[in-house]
Amino acid sequence: MIGAGHAGLAISRVLTENSLEHVVLERGEVANSWRRERWDSLRLLTPNWQSRLPGYPYRGNDPDGFMSMPEVIECISGFASAISAPVRPHTTVNCVSRVDGGYQVATDDGEICCRSVVLASGAANVPHVPKLREAVPPQIESFTAFDYGNTERLPRGGVLVVGASATGVQLADEIHRSGRPVTLSVGEHVRLPRTYRGQDVLWWMEHSGVWSQRYDELDDLERARGLPSPQLIGTPERATLDLNVLRAAGVEIVGRLATIRDGHALFSGGLRNQFALADLKMERLLDTFDEWARSTTLDVEVGPPERFEPTRAPEAPRLSLDLRSGEIRSIVWATGFRPDYRWLEVPVLNPKGELRHDGGVVVEAPGMYAIGLPVLRRRKSTFIIGAEDDARDIVGHLVRYLSRGAGTE
Ligand SMILES: Cc1cc2nc3c(=O)[nH]c(=O)nc-3n(C[C@H](O)[C@H](O)[C@H](O)COP(=O)(O)OP(=O)(O)OC[C@H]3O[C@@H](n4cnc5c(N)ncnc54)[C@H](O)[C@@H]3O)c2cc1C
C-alpha cells in the first residue's frame, strides 16, 4: 500500500479482516496531506457524522459540526491506531516497477517485492495551476492552496482569486474578511445550498442514494470525474457560501480567466451562462432529492421543498484587469489539484497523465489497484465517507486475484 491517508488505511483495515499480510508505506506521517498541504482555517465541508471509516464511526458529541484540521488528523490517526495499521512512516516510494509475479517498490529505505500494490497516494498531491501563470507580471505574488496558509502571508492590497469551487469561494471569503479587496474569477462551478429542507445538503446526497451511484452506471463518467468540488463551507452556523453571498459581501465577480496578455488579465464574458448552468444543475439535483423524499415517508418529516434565488450576475462584469496598475498585489490560484505519479514506472497513465483504471482496478497492470480518486467506484469515492465501500470492492477483487495466482489476470 502506498499512502497512509484515510483511503489507504481503509484498505489496510479490510486487508487485515481478510488476513492479508501488507505494509502501508507513507512518506510523512499518518494523515500527511491534512498535516502539510491544507490551509490553517480549513474545516471539512462534510459533517462530522460522515467522517466514518470501516468499523470506526464518528464518536464525538457534535455529529452535525465540521472538523478542523487538527480534528481530522486526530480522527484519521485514531483510526490508524484502532486498526493497528502496519504503517511505515517517513518512507517515500521513489519507484514502482513491474517484475515477474508482481511489483518492485523502491523506497528511500530499501526495496520491497510484492504481488499486489494499492496506490492510495492521493488525488490532490500537487496544485494544478494553468500555464498562463507564467505571464503574470513579476511584481504580483502567486499562491496556491498549498502555500497560502493564512491571510498573514499575503501582501496588503487587492487579491485576484482564480477559481470558484470549494477552495476558491472559501479563500475569497476569508481574504475579503481580512480587509483586502477581492476579485473572484469564476469558471464552471457546482452550486449547492448548505442546507435543504432543514437537512444538510450532504445528508440528502447520502440518503437519496446520489452519492452511492456507481461509476459504471453514470452516463458520462469522464465528466463526472472532472467535476469541480461544490461551493460549500463547513461553519458552525451551517452557512451557505455561494456567489450571491460573496457578491453581497463586496467580492467582485468576474468571468473565467481566459488569458494574460501584456500584463492584462482577460476574463471570459460568459458569466451569465455559467451561472445559469450551475443554477439549473442545482435545481435538477434538488428535484432528485424531492422525488426521492416523495417515495419515502420522509416527505412529511423534513421541511417543504425550497427553491433558491438565481445567481445574480453583475450588470457589466469587468473583462480586463491591468495587473501592473498596483490594484492587484497577489493572485491565489484555486484552480484544482492533481495526483503526482512521477514515481510510477509502469505504463498505466493516459496522455493526460491520469491513471487508467476500471473502478480502481488499474488497466493492464494485474495486481495493481487504486483508491481515493474522484468517482473511482461511486460519486462519493474521494470523500472520507466513500472509502469503506470502495475498499471492500477493491480488496474483494484483490483477494480473487491472489487466490488465482498472480500474473493470471
Ligand atoms: C482542500 C481539500 C478539502 C477537502 N475536504 C474534504 C472534506 O471536507 N470531506 C471529505 O470527506 N473529503 C475532503 N477532501 C477530499 C479527500 O478526503 C482528500 O483528498 C483526502 O486527503 C484523500 O484521501 P486519500 O487517503 O485518498 O489521500 P491523502 O489523504 O492525500 O493520502 C495520500 C497519502 O499518500 C502519501 N504519499 C503520496 N505519495 C507518496 C509516495 N511517493 N511515497 C509514500 N507516500 C506517499 C501522502 O503523504 C499521503 O499521506 C478534501 C480534499 C482537499 C484537497
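Heads up: the structure comes first, above all this text.
One structure accompanies this document, and this report is about it. (Residues numbered from 1 in each chain as written. Predicted model: local features only at pLDDT ≥ 70, side-chain atom pairs only at ≥ 80, totals over all residues. Heavy atoms only, no water.)

## Digging into the pattern of salt bridges
One side chain can pair with another of opposite charge once the charged atoms of both are near each other.
So, point 1. The final tally for this structure, using the stated rule, is 33 salt bridges.
So, point 2. Put simply, Arg318 and Glu252 hold a salt bridge, and the shortest N to O gap is 2.9 Å. Pair noted here: Arg318 is in the loop between α9 (298-301) and β18 (320-322) and Glu252 is in strand β15 (residues 252-254), with a separation of 66 residues, a long-range link.
So, point 3. With relative accessibility at 27%, the residue Arg318 sits in the partly exposed group.
So, point 4. Between Asp393 and Arg377 there is a salt bridge whose closest N-O contact spans 2.8 Å. Taken as a pair, Asp393 in helix α10 (residues 387-404) and Arg377 in the loop between β23 (368-370) and α10 lie far apart in primary sequence, 16 residues in all.
So, point 5. By relative accessible area, Asp393 is classed as partly exposed at 26%.
So, point 6. Residues participating in the shared-partner salt-bridge network are Arg197, Glu283, Asp287, Asp290, Asp299 and Arg307. (Salt bridge = Lys/Arg side-chain N within 4 Å of Asp/Glu carboxyl O. Helix = DSSP H or I, 4+ residues; strand = E, 2+ residues; numbered from the N terminus. Buried < 20%, exposed > 50% of the residue type's maximum accessible area, 1.4 Å probe, protein only.)

## Comments concerning the packing of aromatic side chains
So, point 1. Throughout the structure, instances matching the rule amount to 11 aromatic pairs.
So, point 2. Ring geometry for Trp204 against Trp292: centres 5.8 Å apart, planes inclined by 85°, an arrangement best described as edge-to-face. Here the residue Trp204 occupies a position in helix α5 (residues 201-207), and Trp292 occupies one in helix α8 (residues 271-294), the gap between them amounting to 88 residues.
So, point 3. A relative accessible area of 0% places Trp204 in the buried class. (Phe/Tyr/Trp six-rings, centres within 6.5 Å; stacked < 30°, edge-to-face > 60°.)

## Here's the deal with the sheet that holds β18
So, point 1. Strands sit in the order β16-β17-β18 across an open sheet of three strands; the sheet is antiparallel. Of all the strands in the sheet, the pair left with one neighbour each is β16 (257-261) and β18. Across the sheet, the axes of successive neighbouring strands diverge by a mean angle of 20°, strand direction being ignored.
So, point 2. Strand direction decides the pairing type here: β16 and strand β17 (residues 264-267), joined by four bridges, are antiparallel. Looking at β17, one finds that Ile260 is bridged to Ala265. (Pairing = 2+ DSSP bridges. Axes fitted to C-alpha atoms, helices over the stretch in contact; angles between N-to-C directions.)

## Structural notes on the sheet that holds strand β9 (residues 158-162)
So, point 1. Across the sheet, five strands lie side by side as β8-β19-β9-β10-β15; this open sheet has parallel pairing. A strand with exactly one partner marks an edge of an open sheet, and here the two such strands are β8 (141-144) and β15. For this sheet the average axis-to-axis angle between neighbouring strands, irrespective of direction, equals 20°.
So, point 2. As defined by bridge partners, β9 adjoins strand β10 (residues 182-185) across four bridges and the pair is classed as parallel. Its bridge partner lying in β10, Leu160 is registered against Thr183.
So, point 3. Sheet strands in contact with helix α4 (residues 166-177) are β9, β10 and β19 (328-333), and its direction is about 170° off that of β10. (Contact = heavy atoms within 4.5 Å.)

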